[in-house]
Amino acid sequence: MLNETRKDQLISFCRKMIQAKSYSGQENLAAAEMDAYAKANGFTGVRVDKYGNCICHIKGSRPGPKILFDGHMDTVPVPDPSVWHHDPFGAEIVDGKMYGRGTSDMKGALSAMLAAAGWFAQDCGGDFAGEIYVAGVVHEECFEGVAAREISACVKPDYVIIGEASQLNIKIGQRGRGEIVVETFGVPAHSANPEKGVNAVYSMCRVIEEIRRLEPTHHDVLGDGILELTDIKSDPYPGASVVPSHCRATYDRRLLTGETKESVLAPLQALADRLMAEDPNMKIKVSYAVGEEVCYTGDTIRGERFFPGWLYSREEGFVQDVLSQLESMGFQPEITQYNFCTNGSHYAGEAGIRTLGIGPSRENLAHTIDEYIELEQLEKVSQCYYGVMRALLK
């Protein structure tokens, strides 16, 4: 399946993807590279949707399941390129490693998905049961799963393979993520006469202390439903001799399977109701953060920041089929869970589509200075994706 010519092809394409700078909302260059590669390598078609997701398609000669390989094109920014030892968009190869923003997170995987899909179809002469889709997704770094909704509505896949870093291990779940906003409201006054107002920050201090006493939810596999304060700001800011009348705190809540928007907010709302009943000056609001970003297509993507958790049993038939195939190819993947949120929040958590993750490289290389991917991992994951197609397209 993998020869020297194909290795060179994969590395060359991956380099082009890294050199195609693609911050969230600016993924057009990466989408153009995917489009060009797919058209040059026998794909049935390429579609770019309203958000700019690039969906490449190969249709088999016989009816069968649809498998969707999911990899996001967007990367986090590089605030200061001068602290990198390698050009973050140069895709330099040194000692068997390719350096650059997005190598591990996750253009390496996306490149391998596209290459493996083309090779699989080529090797069987298009005579296979089913359809293969490779989606380059936008705005994942901002909204895990939001742009993916448009893809699953279009493709209606039977299986989804997430390409986030896993060191070639099989991931069958993850905690989700909710971004919760807690607000307190006071009465403005001159700070020389604070008794004439109500300081919203003092109210927030009380709320924060009460939240810290809440017992986190727990799942035997995924762990705790962590609730962690991530930022806080008063208004007006900066304050100049004014008692602040508004304070806003943001919490990161890690979500477990079965948790809903309502169930997650319920204990916080109960806490707020209790505090407001105890103190008539206390005014509290609890809600989910809502994000909005402009896509490179000009469309606006928006969504409430609630991305569900998901988990499949290791005994599920499709998990065991993939495991058996990879083992027959000489790989020894472990079956574990992601420690972070992925587009699986939509596919598995919202839509109930059978989903697993397999990706190259280490999870802790994402978003780092001198991010890299080992070429050996890049080559091996292309073989794994080829194996996944063998296992599931039948």
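Before reading further, recall that the structure is shown in the block above.
All of the points below concern the structure found in this document.

Procedures and definitions
- Residues numbered from 1 in each chain as written.
- Predicted model: local features only at pLDDT ≥ 70, side-chain atom pairs only at ≥ 80, totals over all residues.
- Heavy atoms only, no water.
- Helix = DSSP H or I, 4+ residues; strand = E, 2+ residues; numbered from the N terminus.
- Rg over C-alpha atoms; globule rule 2.2 N^0.38 Å.
- Buried < 20%, exposed > 50% of the residue type's maximum accessible area, 1.4 Å probe, protein only.
- Contact = heavy atoms within 4.5 Å.
- Areas by Shrake-Rupley, 256 points an atom, 1.4 Å probe, with all protein chains shown as cover.
- Lys, Arg positive; Asp, Glu negative; His and termini not counted.
- Charge placed at Lys NZ, Arg CZ, Asp CG, Glu CD.
- Phe/Tyr/Trp six-rings, centres within 6.5 Å; stacked < 30°, edge-to-face > 60°.
- Disulfide = S-S within 2.5 Å.
- Expected span 1.5 Å × (residues − 1).
- Core = buried A, V, L, I, M, F, W, Y, C linked by side-chain atoms within 4.5 Å.
- Polar contact = N/O pair within 3.5 Å; in protein donor to acceptor, adjacent residues only side chain to side chain.
- Salt bridge = Lys/Arg side-chain N within 4 Å of Asp/Glu carboxyl O.

### Some remarks on the overall build of the protein
For step 1, the next point in the chain: Each helix and strand counted, the protein has nine helices and 21 strands in total.
For step 2, the next point in the chain: Taken over the C-alpha trace, the protein has a radius of gyration of 24 Å; the compact-globule value for 394 residues is 21 Å, and the two agree within 12%.
For step 3, the next point in the chain: The principal-axis extent of the C-alpha atoms belonging to the protein is close to 80 × 45 × 35 Å.
For step 4, the next point in the chain: Residues counted as buried form 55% of the 394 residues belonging to the protein.
For step 5, the next point in the chain: Here the contacts in the protein between residues at least 6 apart in sequence split such that 79% fall between residues at least 24 apart.
For step 6, the next point in the chain: A total of about 16,600 Å² of accessible surface is found on the protein, and carbon and sulfur atoms cover 47% of it.
For step 7, the next point in the chain: Computed over 39 positive and 55 negative side-chain charges, the inter-centroid distance for the protein is 3 Å.

### Things to note about the packing of aromatic side chains
For step 1, the next point in the chain: Within this structure, the stated rule accounts for eleven aromatic pairs.
For step 2, the next point in the chain: Judged by centre distance (5.5 Å) and plane angle (75°), the rings of Phe120 and Tyr386 are edge-to-face. Of this pair, Phe120 sits in helix H3 (residues 103-123) while Tyr386 sits in helix H9 (residues 375-392), and the two are 266 residues apart along the sequence.
For step 3, the next point in the chain: An angle of 40° between the planes, with centres 5.1 Å apart, marks the rings of Tyr338 and Phe340 as tilted.
For step 4, the next point in the chain: When its relative accessible area of 3% is taken as the criterion, Tyr338 is described as buried.
For step 5, the next point in the chain: For Phe340, a relative accessible area of 24% gives the class partly exposed.

### Focus: the state of the cysteines
Covalent bonding between the sulfur atoms of two cysteines is what defines a disulfide.
For step 1, the next point in the chain: Applying the stated rule across the entire model yields zero disulfides.
For step 2, the next point in the chain: Cys341 carries a free sulfur, and the closest cysteine sulfur to it, the one in Cys142, is 13 Å from it.
For step 3, the next point in the chain: A relative accessible area of 6% means that Cys341 is categorised as buried.

### Here's the deal with helix H6 (residues 261-278)
An α-helical turn contains 3.6 residues, so any two residues separated by three or four positions project in the same direction.
For step 1, the next point in the chain: Counted at 1.5 Å a residue, the expected span for H6 with its 18 residues is 26 Å, and the 26 Å between its end C-alpha atoms agrees.
For step 2, the next point in the chain: Every buried residue belonging to H6 is among Val264, Leu265, Leu268, Leu271, Ala272 and Leu275, and all of these are buried.
For step 3, the next point in the chain: On its buried face, H6 is in contact with strand E9 (176-185), helix H5 (200-211), strand E12 (227-235), strand E13 (246-255), strand E14 (283-288) and strand E17 (306-307).

### A closer look at the environment of Ala272
For step 1, the next point in the chain: Within the element layout of this structure, Ala272 appears in helix H6.
For step 2, the next point in the chain: A relative accessible area of 1% places Ala272 in the buried class.
For step 3, the next point in the chain: Along the chain, Ala272 and Ile284 lie twelve residues apart, while their C-alpha atoms are 6.0 Å from each other.
For step 4, the next point in the chain: Beyond its immediate sequence surroundings of up to four residues, Ala272 is in contact with Ile284 and Val286.

### Notes on the nonpolar core
The nonpolar side chains of a soluble globular protein tend to be buried, and buried together.
For step 1, the next point in the chain: Counting residues in each nonpolar core, the largest one holds 88 residues, and the members touching the most others are Phe69, Ile132, Ile358 and Tyr385.
For step 2, the next point in the chain: No other element matches H3, which puts twelve residues into this core.

### Observations regarding the side chain of Gln174
For step 1, the next point in the chain: Counting through the fold element by element, Gln174 comes out in strand E8 (residues 170-174).
For step 2, the next point in the chain: Residue classification places Gln174 among the buried residues on the basis of a relative accessible area of 0%.
For step 3, the next point in the chain: A distance of 3.0 Å separates a polar atom in the side chain of Gln174 from a polar atom in the side chain of Ser345.
For step 4, the next point in the chain: Sequence-distant contacts of Gln174, that is, excluding residues within four places in its chain, are made with Leu222, Pro308, Gly309, Trp310, Tyr338, Phe340, Cys341, Thr342, Gly344 and Ser345.

### Focus: the pattern of salt bridges
For step 1, the next point in the chain: Per the stated rule, a full pass over the model turns up 22 salt bridges.
For step 2, the next point in the chain: With its nearest N and O atoms 2.7 Å apart, the salt bridge here joins Glu371 to Arg101. One end of the pair, Glu371, is in the loop between strand E20 (354-357) and strand E21 (372-374); the other, Arg101, is in the loop between strand E5 (97-99) and H3, and 270 residues separate them in sequence.
For step 3, the next point in the chain: By relative accessible area, which is 4% here, Arg101 ends up buried.
For step 4, the next point in the chain: In this structure, the salt-bridge partner of Glu350 is Arg149, at a minimum N-O distance of 2.8 Å. Of this pair, Glu350 sits in helix H8 (residues 344-350) while Arg149 sits in helix H4 (residues 146-155), placing them 201 residues apart in sequence.
For step 5, the next point in the chain: Taking relative accessible area as the criterion, Glu350 reaches 37% and is therefore assigned partly exposed.
For step 6, the next point in the chain: Note on Arg149: relative accessible area 31%, which makes it partly exposed.

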